[in-house]
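What follows is the residue order along each chain.
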Amino acid sequence: MKNQFDYLVIGSGIAGLTFALKAARSGSVAIVTKKERLETSTNYAQGGIASVFGQDDSFGLHVQDTLDAGDGLCHPEIVDLVVRTGPERIRDLVEIGVQFNRTGNNFDLGREGGHSRNRILHAQDMTGKAVEKVLMDAAESSPNITIFEHHIVLDLVIQHHSMKTGSLYLHQRDICRGAYILDTAADQVHTFAANAVLLCTGGAGKVYLYTSNPDVATGDGLAIAYRAGAKLANLEFVQFHPTCLYHPAAKNFLISEAVRGEGGRLIDRHGRAFMEKYHPMKDLAFRDVVARAIDTEMKTTGDDCVFLDVSHLDAEFLKARFPNIYRTCLSLGVDIAKDPIPVVPAAHYMCGGIITNSSGQTTIQNLYALGECACTGLHGANRLASNSLLEAMVFAHAAAQDCTRQIESWRNRSLPDMPDCSEKAANQGSGNNEMVLIAHNWDFIRRLMWNYVGIVRTDKRLALALNHIVQIRMELKEHMPKIPVNSDLVELQQIALVAELIIRCAVKRKESRGLHFNVDHPAKDDAWLKDTVVKKNPAEEFLSTVPFKTDEPASDRGQVLSFRHR
Ligand SMILES: Cc1cc2nc3c(=O)[nH]c(=O)nc-3n(C[C@H](O)[C@H](O)[C@H](O)COP(=O)(O)OP(=O)(O)OC[C@H]3O[C@@H](n4cnc5c(N)ncnc54)[C@H](O)[C@@H]3O)c2cc1C
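Conventions we followed
- Residues numbered from 1 in each chain as written.
- Predicted model: local features only at pLDDT ≥ 70, side-chain atom pairs only at ≥ 80, totals over all residues.
- Heavy atoms only, no water.
- Near = heavy atom within 4 Å.
- Polar contact = N/O pair within 3.5 Å; in protein donor to acceptor, adjacent residues only side chain to side chain.
- Areas by Shrake-Rupley, 256 points an atom, 1.4 Å probe, with all protein chains shown as cover.
- Helix = DSSP H or I, 4+ residues; strand = E, 2+ residues; numbered from the N terminus.
- Nonpolar A, V, L, I, M, F, W, Y, C, P; charged D, E, K, R; others polar.
- Pairing = 2+ DSSP bridges.
- Buried < 20%, exposed > 50% of the residue type's maximum accessible area, 1.4 Å probe, protein only.
- Contact = heavy atoms within 4.5 Å.

Examining the site of the ligand
Inference 1: Surveying the vicinity of the ligand reveals 38 residues, the closest of which are Thr42, Gly48, Asp220, Glu372 and Ser388.
Inference 2: Contact between the ligand and Ala15: an oxygen atom at 3.0 Å from a main-chain N or O atom of the residue.
Inference 3: Ser386 is positioned with one of its side-chain polar atoms (N or O) 3.4 Å from a nitrogen atom of the ligand.
Inference 4: In isolation the ligand offers 1,000 Å² of accessible surface; the protein chains occlude 98% of this area.
Inference 5: Secondary-structure elements contributing two or more residues to the shell around the ligand are helix H1 (14-23), strand E9 (151-165), strand E16 (341-350) and helix H10 (388-411).
Inference 6: Per-element tally for the shell around the ligand: the top contributor is E9, with three residues.
Inference 7: A per-class count over the shell around the ligand returns 13 nonpolar, 20 polar and five charged.

Comments concerning the sheet that holds strand E7 (residues 120-121)
Inference 1: Taken in spatial order, the three strands make up an open sheet running E3-E7-E6, and their pairing is antiparallel. Each end of this open sheet is capped by a strand with a single partner; those strands are strand E3 (49-50) and strand E6 (109-110).
Inference 2: In terms of strand pairing, E6 meets E7 through two bridges, oriented antiparallel. Within E7, the residue paired with Gly110 across the bridge is Ile120.

Let's talk about the side chain of Glu500
Inference 1: Position of Glu500 relative to the elements: it lies in helix H13 (residues 487-508).
Inference 2: Judged by its relative accessible area of 9%, Glu500 is buried.
Inference 3: What Glu500 contacts, discounting residues up to four positions off in sequence, is Leu466, Ile469, Val470 and Arg473.

Rendered as C-alpha cells:
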C-alpha cells in the first residue's frame, strides 16, 4: 500500500503537531489537514496558555479554579495530571523556540475569567500564532514527518476482531487501521494505513451561526469517531465566548478575555456597566455567566450587541499588549483607546468530545483523540479559560509516550486487506446540479442551532430542534449520494450529525449546570452529576460516501445514550 505510516495524525493544530514531533522519534508520521497547514484554531488563539509559574500561585489553586469552572463534572485525577505536568509542557515549547512575553527573567502572566491568580503565559495577543509557527517549522524540518494539505478525512478504517463459538457471536474490541481520505486538490479518495490513528481535528464551532472558530471547525473528528463506534461524552457543553467583535466586515474575530483581565468593562449602549448585576466577580466571572448576562441584556433591551470599554486604559499600553486586537479594530473604524468595542457572544469551544483515558486512547483500539475533539475529563461542564492549549499538549505528550512503548509490537501485526479507494471522487455521484441543497442545509442547521440550542435553552426548543435535525439528516441520506463527494458535502454531513448529537445530549440533561442552561430546569441537580455518554445507534447506517466495510453484528453496537457515573 502506497500510503502506509506508523502514525496517521489527522489535524495540524497544537495537538497534532505536538504529537507528531514527539512520535517522529519512534516512527514515520503522516499529518493530514483539510485546508492549508496553518489553518487551525490554534493559529487564532489569542489569550495564552494557563500554567503555574507565579510566586503567589500553586498547583492546588489552578486545580481548584479548574474544578470550580467545571461545575462538578471534572475528573479530578485528570485535572491534577494536567495542572502538575503543565509547566513541563511549557518548557518543551520554550525549548523549541516559542517566545512568551517576559518581565525580566519571569514570564509575564496575564489573568482571565475564573482564574484566582495571574497564570496566563502569552505572546502578546497572538499566542496561538507563535506556538503554531514554531511547531510547524519543527515538523517541516523533521525527516520522519510528511504533511498532506487539502486532504479531508472521510471515515476511519476499522477492523472488527470477533470470535464465533457455535451459533454465538462474541464481539471483541475494534481496532483502527487507517482512514479514507479525500484529496480535494486531485479529487481522489485514498486509503491511508497506519499502526495508530490520532484524531486531532479540533472543535465544532461551525455548527453554530455565530462562532469565533475558523472554517475548519466542523466537528469532523466527533462525527468520524461516532460512526466508527467510539464513545463520546458531554456534547451539550458548548462554550460561548462572551466577546466576539460585532461588525459586518469582521468574520469570527475574538476580543480576548485578557482584555477584561487587564481592566476592560462590559457596558450597554448608554455606557452603563452591567456585570455587577449578575456576579460578584463582575467582568471576570466565568465565561458562561458573562455570556448569559450579555444574552439577557441583549434580549431585554433589544440591542444587537453590548460594548467592551477599555478607553480608560493607557493607549500605549493597549497598543503594546493587544497589537492584533488594536490593529484589527482600528482597520474597521474602532479605536479601542477611545471607542467602546461592539461585542456579541459566539460559539467558541466544545467541552465534550471523544472519550479518552489519560493517554489519549479512545474506546477503539489504536485510535487516539487529542486536543479539542477529545473529552478527557479536564473541562467538565465548563472549560476554564486558556486550559485547552495546555490540555492538548499534555495529552499529545502522553499519547506519544504510549505509542512509542507499543510501536514495535504493532509493527509485527499483519495488515488486513483494505479496500483501495483511489478512484475519482467525482464518479461517486450522478451530477452536481443540486449543490443548492448543500448551501441551504448548511445555513439552516447553523441557524437552528443558534436559535434553539444556544446559550439559553428550553425543553420545547430542544424538542423542535431534534425534530428538524432528524428530518434534515433523513433528507441528506436520501439526496446526498447523488451528489459528487466534495468537502462542503462532507462537512455538511459532519455538522448535521454533530448537531444531532449535541441536541440529544442537551435533551437528556434535565438540569442546568456549567454551560448547559435550560430555563425549564434552572437548578443544578446532583442526580445529574454524571457525564452524558453517547454511542452509535445500532439501527443507523454509516454515512460515509466511500466504501466502509464492517462485519460487526449490529446488536453489539451499544446503546444510544447512557451515563458515565463519576
Ligand atoms: C479565536 C480563538 C481563540 C482562542 N484562544 C485560546 C486561548 O487563548 N487559550 C487556549 O487555551 N485556547 C484558546 N482557544 C481554543 C484553542 O485554540 C483550541 O481549543 C485549540 O487550538 C485546538 O487545538 P487542536 O489541535 O485540537 O485543533 P485545531 O488547532 O483546531 O486544529 C484542527 C486541525 O484539524 C484539521 N481537520 C479537521 N477536520 C479534518 C478532517 N476531516 N480531515 C483532515 N483534517 C481535518 C484542521 O484542518 C486543522 O488542521 C481559542 C480558540 C479560538 C477559535
